[in-house]
Structure formats: structure tokens, C-alpha cells
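# Structure at a glance
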Amino acid sequence: MSTHDTTTAAVSPDDLRMLQHELRAPLNAVLGFSQLIKATQRAHLPERVLHWIEQIEFAGQHMLHVIEALGAAAERRHDAAAHEPMPTSDLLRAVQGAIRMMRLAAAQAGAQVSLCAEVGRPILVMGSETTHRQVLINLLSNAIKYSPRGERVSIEIAGQRSGHAQVVIRDRGIGMSAEQMARLFTPYERLGREASGASGNGLGLYLTKQLVESVGGTLAVESQPGGGTSVTVLVPMAVKSAAA
Ligand SMILES: Nc1ncnc2c1ncn2[C@@H]1O[C@H](COP(=O)(O)OP(=O)(O)OP(=O)(O)O)[C@@H](O)[C@H]1O
Ligand SMILES: [Mg+2]
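Just so you know, the residues in each chain are numbered from 1, in the order the chain's sequence is written. In the order they appear in the text, chains get letters beginning with A and ligands get numbers beginning with 1. The predicted nature of this model means local features are confined to residues of pLDDT at least 70 and side-chain atom pairs, given and counted, to a pLDDT of 80 or more, with totals for whole chains, interfaces and linings taken over all residues. Side-chain numbers come from the whole structure's heavy atoms, not from hydrogens or water.

### Brief notes about the site of ligand 1
We call a residue near a molecule or strand whenever a single non-hydrogen atom of that residue lies within 4 Å of it. The local shell around ligand 1 holds 18 residues, among which Asn142, Tyr146, Asp171, Arg190 and Leu205 are the closest. At a separation of 2.7 Å, an oxygen atom of ligand 1 approaches a polar side-chain atom of Arg190. Under the rule applied, a polar contact is a pair of N or O atoms within 3.5 Å (in protein, one hydrogen donor and one hydrogen acceptor; residues adjacent in sequence only if both atoms are side-chain atoms). The contact in question runs from an oxygen atom of ligand 1 to an N or O atom on the backbone of Asn201, over 3.0 Å. Relative to its unbound accessible area of 590 Å², ligand 1 is 92% covered by the protein chains. Counting only elements with at least two residues in the shell around ligand 1, the list comes to α4 (129-145) and α6 (204-214). With residues, only the protein chains shown are counted as cover, and all accessible areas are computed by Shrake-Rupley using a 1.4 Å probe. Note on conventions: DSSP H or I runs of at least 4 residues are helices, E runs of at least 2 residues are strands, and numbering of each starts at the N terminus.

### Looking at unusual backbone geometry
For Phe185, which is not glycine, the phi dihedral falls at a positive 75 degrees. With respect to the element layout, Phe185 can be found in the loop between α5 (178-181) and α6. Even without glycine at this site, Leu191 takes up a positive phi of about 55 degrees. One can find Leu191 in the loop between α5 and α6.

### As for the confidence of the model for the protein chain
Here the protein chain shows a mean pLDDT of 89. Residues at 70 or above account for 92%. The low-confidence segment residues 1-8 (pLDDT under 50) makes 28 contacts with residues lying over four places distant or belonging to another chain. Per residue, pLDDT measures the predictor's confidence, with a range of 0 to 100. The contact criterion used is simple: two residues touch if any of their non-hydrogen atoms lie within 4.5 Å.

### Side note on the domain arrangement of the protein chain
When the parts of a complex come together, some accessible area is lost, and that lost area is often used as the size of the interface. These domain limits were set by an automatic method or by a database of domain assignments. Domain assignment breaks the protein chain into domain 1 (13-78) and domain 2 (88-236). On a C-alpha basis, the centroid separation for the pair domain 1 and domain 2 is 23 Å. On the side of domain 2, eight residues touch domain 1, which itself brings eight residues to the contact. Summed over both partners, the accessible area (1.4 Å probe) lost when two parts come together is defined as the buried area. When the two sides are added together, the surface that domain 1 and domain 2 hide from each other amounts to roughly 770 Å², 59% of it contributed by carbon and sulfur. On the domain 1 side of the interface with domain 2, the three residues burying the most area are Gln55, Phe58 and His62, jointly 68% of the side's total. Salt-bridge detection follows one rule: a side-chain nitrogen of Lys or Arg within 4 Å of a carboxyl oxygen of Asp or Glu. Our count for the domain 1 to domain 2 interface comes out at zero salt bridges. The tally of links between domain 1 and domain 2 comes to two residue pairs in polar contact (both at pLDDT 80 or more). We call Asp, Glu, Lys and Arg charged. Ala, Val, Leu, Ile, Met, Phe, Trp, Tyr, Cys and Pro are nonpolar, and the rest, Gly among them, are polar. Considered class by class, the residues forming the side of domain 1 that touches domain 2 number three nonpolar, four polar and one charged.

Set out below in C-alpha cells:
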């Protein structure tokens with residue numbers, strides 16, 4: 001995939017436009033009602049409930065951005081001449097947003113998610129915050145899902161590794177054999193985990209790899225059966241324009 005498309009070639013632009021159209025109205029209702037509750041009930045609700053409503057709003061906004069990105073990708077494919085510059089974003093913010101979105105799933109699995117950032121300031125990289133959040137949500141979801149209850153999941157983020165920012169998602173879960181790893185990134189491939197109780201479609205990593213590559217990045221997986229898994233994502237740092 002040569003441009004920053006975030007979709008698969010198998011879906012037609014018309015399908016995407018229709019999906020976008022059908023999802024936008026219910027999603028706007030979710031967001032609208034969350035905002036209404038905050039605006040009118042703030043004084044009557046406990047702080048933690050307001051925080052949950054903010055989480056609903058944040059997740060809804062993320063979905064809305066994903067839907068907009070799908071639509072934009074469909075338009076770009078339709079009009080190949082339209083060539084917008086790739087957006088840039090702060091990778092640290094995307095990591096923090098992904099952790100925020102996965103907090104409930106982590107709590108339900110008893111997983112402790114820890115973030116270790118080499119720098120506390122923004123890490124400006126190629127690609128939108130939504131794209132990076134999608135990638136990190138998928139990888140965090142796997143790390144949590146394929147680890148025993150109560151295990152630790154860590155995210156380490158570092159800027160500047162020869163022009164790239166690096167994020168490593170590490171778990172101490174069930175891991176994968178070399179034979180299983182050879183089939184990774186194949187759509188609908190669950191590596192024999194269909195009956196394990198962990199839900200999924202075998203699409204997350206396939207899409208994640210496409211998303212990372214669409215911004216010029218790479219994704220590498222290391223794993224041992226029973227010894228955990230680490231996924232390293234390298235994303236090109238944003239190039240400052242000469243005029244800036
Ligand atoms: N961190 C991990 N530890 C162990 N196995 C993993 C890990 N991540 C992925 N896998 C294996 O790779 C398979 C494919 O992962 P992928 O994320 O594409 O799909 P999924 O998690 O099964 O479903 P989906 O992401 O579509 O909800 C998984 O079914 C699982 O067997
Ligand atoms: Mg997955």
C-alpha cells in the first residue's frame with residue numbers, strides 16, 4: 001500500500017461510504033447523549049461516573065475519527081489524483097489514548113498496564129493520532145487477551161532511533177511458536193486459539209501491519225511459547241518542512 005490508506009483493498013469505496021454513513025448517526029447519538037449528561041447532570045453525578053462518561057465520549061470520538069479516515073481513504077482511492085500530505089501527530093499522546101481506551105479491558109483481565117516513556121515531551125511522527133491509536137489498541141488488546149489473569153503488560157516508548165520513534169509492547173503471556181509466527185499477519189488466522197475462550201476474528205494484526213506500513217513504519221514480533229511476546233513498532237519521525 002503506497003499511500004496513507006487505512007483500509008483494505010478488498011472493500012469497495014461504495015461499501016465504505018455506506019458503512020461510514022450508517023455508523024455516523026448512531027455514533028453521534030452516543031456522543032450527543034454523553035455530552036448532554038455532562039452538560040446537564042454534572043452537579044448530580046459522582047466524580048467517577050462523570051469520568052466513565054468521559055471515557056465513553058473519548059472512545060466514541062476515536063470511532064468517529066476511524067470512520068472519517070475510512071471515508072477519506074475511499075475518496076482518495078476514487079480520486080487517485082488527490083494527494084494530500086500525510087498528517088503528523090504526537091506518538092506519546094496516541095499511546096496515552098490507547099491505554100485510556102484499554103483501561104477497562106485491562107481491569108477486567110486483572111492486567112497491569114505500565115507505561116515507560118524515555119521522554120515526557122511530544123514525539124512528533126508521521127501518521128495521524130487515530131492511526132497510531134488503532135495500532136496500539138490492537139497490540140494492547142492482544143497482550144492483555146493472550147496473557148494469564150493478573151499479568152503485567154508494558155509499553156516502552158522512545159524517540160529517535162535513527163529517524164524513527166520506537167514503541168515496544170511486551171507481555172508475559174502464552175507466546176507463540178516459530179510455526180505459529182510464520183502464519184502471523186494472515187487475515188482470519190487465529191493460530192489454533194479458536195477454542196481458547198479469547199474472542200477475536202484474527203484480523204487485528206493483519207490490519208495493524210497495514211496501518212503501520214501505511215505511515216512508512218515497520219512492525220516486528222518476537223515470541224516464545226510460554227515466554228511472552230514483544231512487538232516493536234518503528235514509526236518515522238515527522239520531517240519538519242524547510243519553511244517551518
Ligand atoms: N501477544 C500475543 N501473545 C500470544 N499470541 C498472540 C499475541 N498476539 C497475537 N497472537 C496470536 O495471533 C493471532 C492473530 O492475532 P490477531 O490480533 O490478528 O487476531 P485476534 O486477536 O485473534 O482477533 P482480533 O484481533 O481480530 O480481535 C491470535 O489469534 C493469537 O493466536
Ligand atoms: Mg487481536
